[in-house]
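# Structural overview for review
Below, each chain spelled out in residue letters.
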Amino acid sequence: MEDFIRLDIPAKAADIRKLKVGTFVKVYGTVYTARDQAHKRLAEAIRSGAPLPFDLNGAAIYYCGPTPAPKGKVIGSCGPTTSGRMDAYTPLLIENGLSVMIGKGVRSAEVETSIKAHGALYLTAIGGAAALYSSKVKTCELVAYPDLGCEAVYRLTVEDFPAVVSIV
């Protein structure tokens, strides 16, 4: 079994620079969930100069739409979704400070170029492991766009959240 490297969020540029593709990490700290429609709204806010619902600097976005929490749990199912759905908006978010993205699947050439140019990081999470990931979430709080339901933006506090470095 490979050793995991701890990655604290908000991410520091020096910590990101130490990582290599294929490195296993465990994420600790604050991660925001956002999918397609939330990304569209974040991009619109940036373009119009409106305030964002959270600070992008050093932030991590998990491409996930968590389900409601069952009784006695912090969160319901929270597995990764396909990252490519966010590719149209990702370079703009990276240019405005987004440091870490967590999802599954390949990224476009434009996103890969933006990640490398800005010292950001793409982590791949395990598809089909929603129960594992939900057990790593310690708090879950609605932050923005409640009309999007499970695709709203949530602030998660995660500990020991496993992923692998895919683009750095």
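A brief look at the structure comes next. (Residues numbered from 1 in each chain as written. Predicted model: local features only at pLDDT ≥ 70, side-chain atom pairs only at ≥ 80, totals over all residues. Heavy atoms only, no water.)

## Section: helix H4 (residues 109–118)
- For H4, the set of buried residues is Val111, Ser114 and Ile115. Buried residues of H4, seen end-on, are gathered within an arc of 100° and therefore sit on one face of the element. Exposed positions of H4 whose direction lies more than 90 degrees from the buried face are Ala109, Glu110, Thr113 and Ala117.
- Where H4 is buried, its residues contact helix H3 (90–95), strand E4 (100–103), strand E5 (121–124) and strand E7 (153–167).
- Glycine 119 lies just past H4 and shows a positive phi near 70°. (Buried < 20%, exposed > 50% of the residue type's maximum accessible area, 1.4 Å probe, protein only. Helix = DSSP H or I, 4+ residues; strand = E, 2+ residues; numbered from the N terminus. Arc of directions from axis to C-beta. Contact = heavy atoms within 4.5 Å.)

## Some words on the pairing of strand E2 (residues 24–33)
- The element E2 is extensively covered by neighbouring structure, given that seven of its 10 residues are classed as buried.
- For strand E1 (residues 5–9) and E2, the ladder comprises five bridges, and the chain directions are parallel. In the sheet register, isoleucine 5 faces E2, and the bridge partner there is valine 25.
- Strand direction decides the pairing type here: E2 and strand E3 (residues 60–62), joined by two bridges, are parallel. (Pairing = 2+ DSSP bridges.)

## Some points on the side chain of serine 83
- Here serine 83 is to be found in the loop between E3 and H3.
- Owing to a relative accessible area of 0%, serine 83 belongs among the buried residues under this scheme.
- In terms of polar contacts, serine 83 uses its side chain to reach the side chain of tyrosine 122, at 2.7 Å.
- In contact with serine 83, other than residues within four places in its own chain, are Tyr63, Gly103, Lys104, Arg107 and Tyr122. (Polar contact = N/O pair within 3.5 Å; in protein donor to acceptor, adjacent residues only side chain to side chain.)

## Brief notes about the pattern of salt bridges
- For the structure on display, the rule yields 10 salt bridges.
- Across the pair aspartate 8 and arginine 6 runs a salt bridge whose closest N-O atoms are separated by 2.8 Å.
- Residue aspartate 8 is classed as partly exposed on the basis of its relative accessible area of 32%.
- On the basis of relative accessibility, which here comes to 53%, the residue arginine 6 falls in the exposed class.
- We note a salt bridge from glutamate 141 to arginine 155, for which the minimum N-O separation is 2.7 Å. Separated by 14 residues along the polypeptide, glutamate 141 in strand E6 (residues 137–144) and arginine 155 in strand E7 bring together distant segments of the chain.
- For glutamate 141, a relative accessible area of 43% gives the class partly exposed.
- The network of salt bridges with common partners includes Lys26, Lys136 and Asp160. (Salt bridge = Lys/Arg side-chain N within 4 Å of Asp/Glu carboxyl O.)

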